Amino acid sequence: MASHNRRFVDRPEVALRATRYIGTCEKGRVYIGQTVGPPESRGLQHRVGGTGPFKKGAQYVQWRTLEGPVDPAKLDERESYYIGLYNADKEGYNDRKGN
């Protein structure tokens, strides 16, 4: 289990918010991510920080929840699954196949 997820395992209020999300840009390329907060807030963090799809030139990204709530201990595993499913590391905006 990744260290950043370990701290959430024993906090039920976090487990209820842990989600997998997908962002799709105007060109149809996708970005798969995970958050323990609202997916909309995470999308805004990507835009402001120039991370995720925005670091590679996306201008408009539509966000939606793929799966949630997710056991925080399985966030990394599920992220890798969806990155592979959508081929997001090769044809999308993910740099690698997950954390």
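Let me sum up the structure you'll find in this document. (Residues numbered from 1 in each chain as written. Predicted model: local features only at pLDDT ≥ 70, side-chain atom pairs only at ≥ 80, totals over all residues. Heavy atoms only, no water.)

## What to know about helix H3 (residues 39-49)
Structurally, the α-helix is built with 3.6 residues per turn, so residues lying three or four positions apart point the same way. Buried within H3 are the following residues: Pro39, Gly43 and His46. The buried residues of H3 occupy one face: seen down the axis, they fall within an arc of 55 degrees. Those residues of H3 that are exposed and angled more than 90 degrees off the buried face are Glu40, Leu44, Val48 and Gly49. Along its buried surface, H3 packs onto strand S1 (19-25), strand S2 (30-35) and strand S3 (61-67). Immediately beyond the C-terminal end of H3, within one or two residues, lies Gly50, with a positive phi of roughly 65 degrees. (Buried < 20%, exposed > 50% of the residue type's maximum accessible area, 1.4 Å probe, protein only. Helix = DSSP H or I, 4+ residues; strand = E, 2+ residues; numbered from the N terminus. Arc of directions from axis to C-beta. Contact = heavy atoms within 4.5 Å.)

## Brief notes about a nonpolar patch on the surface
Among the surface-exposed residues, Tyr81, Leu85 and Tyr86 lie close enough to one another that they form a single nonpolar patch of about 290 Å² accessible area. Assignment of secondary structure puts Leu85 in helix H4 (residues 75-85). (Patch = residues over 30% accessible without salt bridge, like charges linked within 9 Å, V, L, I, M, F, W, Y side chains within 5 Å. Areas by Shrake-Rupley, 256 points an atom, 1.4 Å probe, with all protein chains shown as cover. Salt bridge = Lys/Arg side-chain N within 4 Å of Asp/Glu carboxyl O.)

## Observations regarding the packing of aromatic side chains
All told, the structure shown has 3 aromatic pairs when counted by the stated rule. Considering the side-chain rings of Phe54 and Trp63, the 6.5 Å spacing of their centres and the 50 degrees angle between planes classify their relative orientation as tilted. An angle of 75 degrees between the planes, with centres 5.0 Å apart, marks the rings of Tyr81 and Tyr82 as edge-to-face. Through successive ring pairs, a cluster of aromatic residues spans Tyr21, Phe54 and Trp63. Sitting over the face of the ring of Tyr93, Arg29 holds its NZ or CZ atom 4.2 Å from the ring centroid. (Phe/Tyr/Trp six-rings, centres within 6.5 Å; stacked < 30°, edge-to-face > 60°. Lys NZ or Arg CZ within 6 Å of the ring centre and 35° of its normal.)

## What about the sheet that holds S2?
The 3 strands are arranged S2-S1-S3 in an open sheet whose pairing can be described as antiparallel. Each of the sheet's edge strands pairs with one partner strand only, and the pair in question is S2 and S3. Adjacent strand axes in the sheet meet at a mean angle of 25 degrees, parallel and antiparallel pairs treated alike. Where S1 meets S3, 6 bridges bridge the pair, whose relative direction is antiparallel. Within S3, the position partnered with Gly23 by the bridge is Trp63. (Pairing = 2+ DSSP bridges. Axes fitted to C-alpha atoms, helices over the stretch in contact; angles between N-to-C directions.)

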